[in-house]
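Listed here are the chains, written in short residue letters.
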Amino acid sequence: MKKLPEYNVLLPDWQGAETQFDEIGEVLRPMLNGTITRVAPGDKKQPVHESASTCDSLLAVHPHAIEIGAPFGTGETVGNGNTYAAFFLGFMGFMGFGAWFLWEGLMSRSTFFLVSGSVILATGFFPFSFALRMSHLAPRDIPVVFNRKTREVSICVLGRLRFWRFWERVGIDKVITTSWDDLQARSYKIMQLTGEAARDTHVLRLLWGEARNPRKLEGIALIGYLGWYEDAALWRLWEHIRCYMEEGGLAIQPGETLRTSGAGKLPELPPEVIAAAGGPALSVEEVARLAGAAGALHSRSFAL
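Just so it is clear, the model here is predicted, and its values are computed rather than measured. (Residues numbered from 1 in each chain as written. Predicted model: local features only at pLDDT ≥ 70, side-chain atom pairs only at ≥ 80, totals over all residues. Heavy atoms only, no water.)

Caption draft 1: Quick look at the overall build of the chain. A count of helices and strands for the chain gives five helices and nine strands. Listing the helices and strands of the chain from first to last along the sequence gives β-β-β-α-α-β-β-β-β-β-β-α-α-α. Here the chain holds 304 residues, and the buried ones make up 44% of them. Contacts in the chain between residues far apart in sequence, at least 24 positions, make up 72% of those at least 6 positions apart. (Helix = DSSP H or I, 4+ residues; strand = E, 2+ residues; numbered from the N terminus. Buried < 20%, exposed > 50% of the residue type's maximum accessible area, 1.4 Å probe, protein only. Contact = heavy atoms within 4.5 Å.)

Rendered as structure tokens:
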């Protein structure tokens, strides 16, 4: 039985451990959990899939670059999105209970109610603030910027949200820029616990080495989404990126749209990254026109 086009990966199954990087630090090693399922070739002119797709992972299009999202932006990662929203609502109810105690204490001048209400409010405020910031005020994705003019990849790193500093919001802490030519792509199979059962899940990881010592792993980034039971569509996404960077390919495939999942706004890129990308991202309407124009060109080419 012939495979559907979206499953036609042009890479063999990987048998073995990591071979590109000899040195993997103790900090990065836990981030490489799971087993390698496929490895992108070092020659980026070589296709990895029969068809290309953004796979609902395209965040923005710039004149010279595209932004690709991470599994964080899909809401499927543990502790993301709706999970924190549920905690936010729960602690809001808890604080309401404390406010009622405090009100009763003020009305009856009861020391017990005043003290109890104050303790309950103070106990609930910080987890309430943390859940609110994570569910509604945190960036809705973690962009990775692929710039085909400079042939560089900029990986955004979010800052750590401190539990006690209720006035802080999460933003981009730093941007790591590495060469497109040196970037390595791997798909990994990991075991994901869903609360009711366990399932095989695939992720697409980007790896790069140190400039002075390419055999020493310097960083890891996730792109795309969590692939349930298979990694084929993740390689469609990599094929889209590869064509865009290597062959002057489309920024968005015909009929596709930008990713809109997740709550909150996209984090603001540093000015130097935006400038290198040719300026601010195109509007949603401009991207839609690009997708439509790409579709018309694709249909005309197919007819010929």
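Caption draft 2: Looking closely at the pairing of strand β2 (residues 58-61). Looking at chain direction, β2 and strand β3 (residues 65-68) are connected through three bridges and run antiparallel. Across the sheet, L58 pairs through a bridge with I68, a residue of β3. Between β2 and the antiparallel strand that follows it, β3, lie three residues. (Pairing = 2+ DSSP bridges.)

Caption draft 3: The arrangement of the environment of H49 in detail. Its location among the elements puts H49 in the loop between β1 (35-39) and β2. For H49, a relative accessible area of 2% puts it in the buried group. Along the primary structure H49 and W238 are separated by 189 residues, whereas in three dimensions their C-alpha atoms are 8.3 Å apart. Within the local environment of H49, its side chain forms a polar contact with the backbone oxygen of N8, the two atoms lying 3.4 Å apart. Among the polar contacts made by the side chain of H49, one reaches the main-chain amide nitrogen of S51 at a distance of 3.1 Å. (Polar contact = N/O pair within 3.5 Å; in protein donor to acceptor, adjacent residues only side chain to side chain.)

Caption draft 4: Region of interest: the sheet that holds strand β5 (residues 152-158). Taken in spatial order, the five strands make up an open sheet running β2-β3-β4-β5-β6, and their pairing is antiparallel. Among the strands making up the open sheet, the edge pair consists of β2 and β6 (172-179). Neighbour to neighbour, the strand axes of the sheet diverge by 20° on average, direction disregarded. In terms of strand pairing, β5 meets β6 through seven bridges, oriented antiparallel. Of the residues in β6, the one forming a bridge with S154 is T177. (Axes fitted to C-alpha atoms, helices over the stretch in contact; angles between N-to-C directions.)

Caption draft 5: Region of interest: the packing of aromatic side chains. Overall, the coordinates contain three aromatic pairs when judged by the stated rule. Centroid distance F146 to W180: 6.1 Å. Interplanar angle 80°. Geometry classified as edge-to-face. Taken together, the positions of F146 in strand β4 (residues 144-147) and W180 in the loop between β6 and β7 (184-193) put the pair 34 residues apart, joining distant regions of the chain. The pair F146 / W180 is uniform in exposure class, with both members buried. When the ring of W180 is compared with that of W238, the centres are 5.4 Å apart and the planes differ by 35°; the resulting orientation is tilted. One end of the pair, W180, is in the loop between β6 and β7; the other, W238, is in helix α3 (residues 232-247), and 58 residues separate them in sequence. We classify W180 as buried; its relative accessible area is 0%. For W238, a relative accessible area of 3% translates into the label buried. An aromatic cluster of at least three residues, connected via ring pairs, comprises F146, W180 and W238. (Phe/Tyr/Trp six-rings, centres within 6.5 Å; stacked < 30°, edge-to-face > 60°.)

Caption draft 6: Up close: the side chain of S57. You can see S57 is positioned in the loop between β1 and β2. Those residues in contact with S57 that sit more than four places away from it in its chain are E67, I68, G69, G224, Y225, L237 and R259.

Caption draft 7: Quick look at the nonpolar core. With 36 residues, the main nonpolar core has F146, L206, I223, W235, W238 and I241 as its most contacted residues. Contributing elements (two or more residues each) for this core: β2, β3, β4, β5, β8 (198-209), β9 (217-228), α3 and α5 (284-303). The greatest single-element share of this core, amounting to nine residues, is contributed by α3. Grouped together as the second largest cluster of nonpolar side chains are 13 residues, F21, I36, Y188 and I220 included. (Core = buried A, V, L, I, M, F, W, Y, C linked by side-chain atoms within 4.5 Å.)

Caption draft 8: How the structure looks around the environment of A293. By the element assignment, A293 lies in helix α5. Here the alpha-carbon distance between A293 and G255, two residues 38 residues apart in the chain, equals 9.2 Å.

Caption draft 9: Spatial organisation of α3. Between its first and last C-alpha, α3 extends 21 Å over 16 residues, near the 22 Å set by a 1.5 Å rise per residue. Counted residue by residue, α3 has 15 buried out of 16 residues, so it is predominantly covered. Positioned one or two residues after α3, G248 has a phi angle of 65°, which is positive. (Expected span 1.5 Å × (residues − 1).)

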